[in-house]
Amino acid sequence: MVNSHRLSVPESEVFKVLSIDGGGIKGLYSARVLEHFEDRFNCHISDYFDMICGTSTGGLLALALSLNIPASLMSNLYYRRGKQIFPQQNTFLSSLKQLFLKSKYDNRELKRALQEIFGERTISDSRCLLCIPAFSLTDGRPFIFKYDHAEGNLCRDGKTKYVDIALATSAAPAYLPIVAIDSYDGKQFIDGGIYANNPTLVGVVEALRYFVGTGKRFQKLMVMSVGSLEPNPGRRFLAKHNRSVIDWNKDLISTFFEGQAYLTNYFVDTLANYCDSPFDYVRIPGTQLAPVQAQIINMDNTSSEALKLMSQMGTDQALFWGRKPEVTQFFSSRKQYITK
């Protein structure tokens, strides 16, 4: 998906946003795409994007990139630690556990891995603007962790630890535990994917509200959105219409995430083409999955076969998109909004 509107403005007036979808272990695909871009253009992603948005596993990637942590390190994280974070289990027993006892996985291994990567760093250490969606159960509303920028007179999240934000945005219901953050008086959070698995619209709204447009510092918006691997649209006809939670199993969460991501892409594509100030929008989607591939690629399958396939697909997609002029344009000049 590419929409390019050649508005001739100085490079100093261009504001660039990167958005990264959620998807559990499928973050390996997105990481490979971004890893190739960093290698191809010999750069740190955060040096070329003014704002990075990411939900769930995309939030983990966004947080890492905002500290100039190479995407290759995150790719290795999925490979090295994926099996510990999402240990393979008996499908029937794990479904029963999810239904009657607790989340399918605990987050101890994920937290340990995040602490190794982020340490005690907080959002105030970010090298770019950030928008990381989560959902506050305590308030019953969306909650977006942001870099405290002067344009919005923000002062809420600057001292929040990267580890806490990463755990909050990736706490997929029934898969990982609810996350309480002490610095918000114990407010409880779950995965932002329930409303923004594709967080592109979050980034567009933030950019247009505070940074781009008449009377603002920037006059042109450019948006790159990196998707996740999803099964081909649609499901087989279901013989059983009155399905229980166990019948739905993993489809219960994935259907929400897939539908939301598709709708967001439609909204952003429409805005890019038809709003009063059209902007450049590039969507790098997941590759088409064959039926046999869709059977093994999901948000928590960490088998060697699934990891290898996701890695190959990410690299292939990056090679395809990395040579397109609408992508190289994002790396033709460094970002202009400096946080550090």
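Here the structure is a predicted model, which means the values were calculated and not measured.

## Concerning the overall build of the protein chain
Part 1 of the reasoning: A tally of helices and strands in the protein chain yields 13 helices and nine strands.
Part 2 of the reasoning: In the protein chain, buried positions account for 54% of the 340 residues.
Part 3 of the reasoning: Partitioning the contacts of the protein chain with sequence separation of at least 6, the portion at a separation of at least 24 is 77%.
Part 4 of the reasoning: Put simply, the protein chain shows about 15300 Å² of open surface, and 54% of that area lies on carbon and sulfur atoms.

## A closer look at the pairing of strand S3 (residues 51-54)
Part 1 of the reasoning: Both faces of S3 are covered, namely the face carrying Met 51 and Cys 53 and the face carrying Ile 52 and Gly 54.
Part 2 of the reasoning: Where strand S2 (residues 14-20) meets S3, four bridges bridge the pair, whose relative direction is parallel. Note on S3: the bridge partner recorded for Leu 18 is Ile 52.
Part 3 of the reasoning: Handedness of the crossover joining S2 and S3 through helix H1 (residues 27-40): right-handed.
Part 4 of the reasoning: The pairing of S3 with strand S4 (residues 129-136) spans three bridges and is classified as parallel. Residue pairing across strands places Ile 52 opposite Leu 130, the latter belonging to S4.

## Description of the confidence of the model for the protein chain
Part 1 of the reasoning: Overall, the predicted model of the protein chain reaches an average pLDDT of 88, with 84% of residues at or above 70.
Part 2 of the reasoning: Residue range residues 235-240 is modelled with pLDDT below 50. Its contacts to residues more than four positions away, or to other chains, number six contacts.

## Side note on the side chain of His 36
Part 1 of the reasoning: As for its placement among the helices and strands, His 36 is situated in helix H1.
Part 2 of the reasoning: When sequence neighbours within four positions are dropped, the list of residues in contact with His 36 reads Ala 318 and Leu 319.

What counts and what doesn't
- Residues numbered from 1 in each chain as written.
- Predicted model: local features only at pLDDT ≥ 70, side-chain atom pairs only at ≥ 80, totals over all residues.
- Heavy atoms only, no water.
- Helix = DSSP H or I, 4+ residues; strand = E, 2+ residues; numbered from the N terminus.
- Buried < 20%, exposed > 50% of the residue type's maximum accessible area, 1.4 Å probe, protein only.
- Contact = heavy atoms within 4.5 Å.
- Areas by Shrake-Rupley, 256 points an atom, 1.4 Å probe, with all protein chains shown as cover.
- Pairing = 2+ DSSP bridges.
- Right-handed = clockwise from strand over helix to strand, strands pointing away.
- pLDDT = per-residue confidence, 0-100.

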